[in-house]
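Residue-level structure breakdown
Residues per chain are reported as follows:
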Amino acid sequence: MTKAEKQHMDKVAQIGCILCKHLGLGETPCELHHPRTGVGAGRRSSNFDVIGLCPEHHRGNSGLHGMGRKAFEKYYGITELELLEKVTQCLR
């Protein structure tokens, strides 16, 4: 990991869970998630394309890994890429 990647990921982590923020739940600590939408099977996105998700929204029963991407996106009405765009907006 490069210094620039680490700095970027630290900034994303400081935002907190972008889904909690989107849902109006306030700021919550997060884990970094690499969206897989648009990348090849078995691959993950760049370290510059990460989103922060709290443990529940990342790997919990109502989370991305717990529900699967399609069910998660349908349930919350927002895609991984839309969440990534929200992170990008917060970093501006």
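No experiment lies behind these values; they were computed from the predicted model shown.

Basis of the calculations
Residues numbered from 1 in each chain as written. Predicted model: local features only at pLDDT ≥ 70, side-chain atom pairs only at ≥ 80, totals over all residues. Heavy atoms only, no water. Helix = DSSP H or I, 4+ residues; strand = E, 2+ residues; numbered from the N terminus. Buried < 20%, exposed > 50% of the residue type's maximum accessible area, 1.4 Å probe, protein only. Polar contact = N/O pair within 3.5 Å; in protein donor to acceptor, adjacent residues only side chain to side chain. Phe/Tyr/Trp six-rings, centres within 6.5 Å; stacked < 30°, edge-to-face > 60°. Expected span 1.5 Å × (residues − 1). Arc of directions from axis to C-beta. Contact = heavy atoms within 4.5 Å.

Turning next to the side chain of H34. By the element assignment, H34 lies in the loop between β1 (31-33) and β2 (51-53). Exposure remark for H34: the relative accessible area of 11% places this residue in the buried category. A distance of 2.7 Å separates polar atoms of two side chains, one belonging to H34 and the other to N47.

Our focus in this paragraph is the packing of aromatic side chains. The description of two aromatic rings rests on the distance between their centres and on the angle between their planes. Enumeration over the complete set of coordinates arrives at two aromatic pairs. On the basis of an interplanar angle of 90° and a centroid distance of 4.8 Å, the ring pair of Y75 and Y76 is categorised as edge-to-face. Note on Y75: relative accessible area 58%, which makes it exposed. Aromatic ring contacts, followed pair by pair, group F72, Y75 and Y76 into a single cluster.

Here helix α1 (residues 3-15) contains 13 residues, and its C-alpha end-to-end distance of 19 Å stays within 8% of the 18 Å for a straight helix at 1.5 Å per residue. Those residues of α1 that sit buried are E5, H8, M9, V12 and I15. Across the axial projection of α1, the buried residues extend over an arc of 105°, all falling on one side. Counted as exposed and oriented over 90 degrees from the buried face of α1: K3 and Q14. On its buried face, α1 sits against α2 (18-22), β1, β2 and α6 (80-91). Following α1 by one or two positions, G16 adopts a phi angle in the positive range, close to 90°.

Moving on to the environment of G26. Here G26 lies in the loop between α2 and β1. Taking the C-alpha atoms as reference points, G26 and L64, separated by 38 residues in sequence, lie 19 Å from one another. Dropping the residues within four chain positions of it, G26 is found in contact with C20 and K21.

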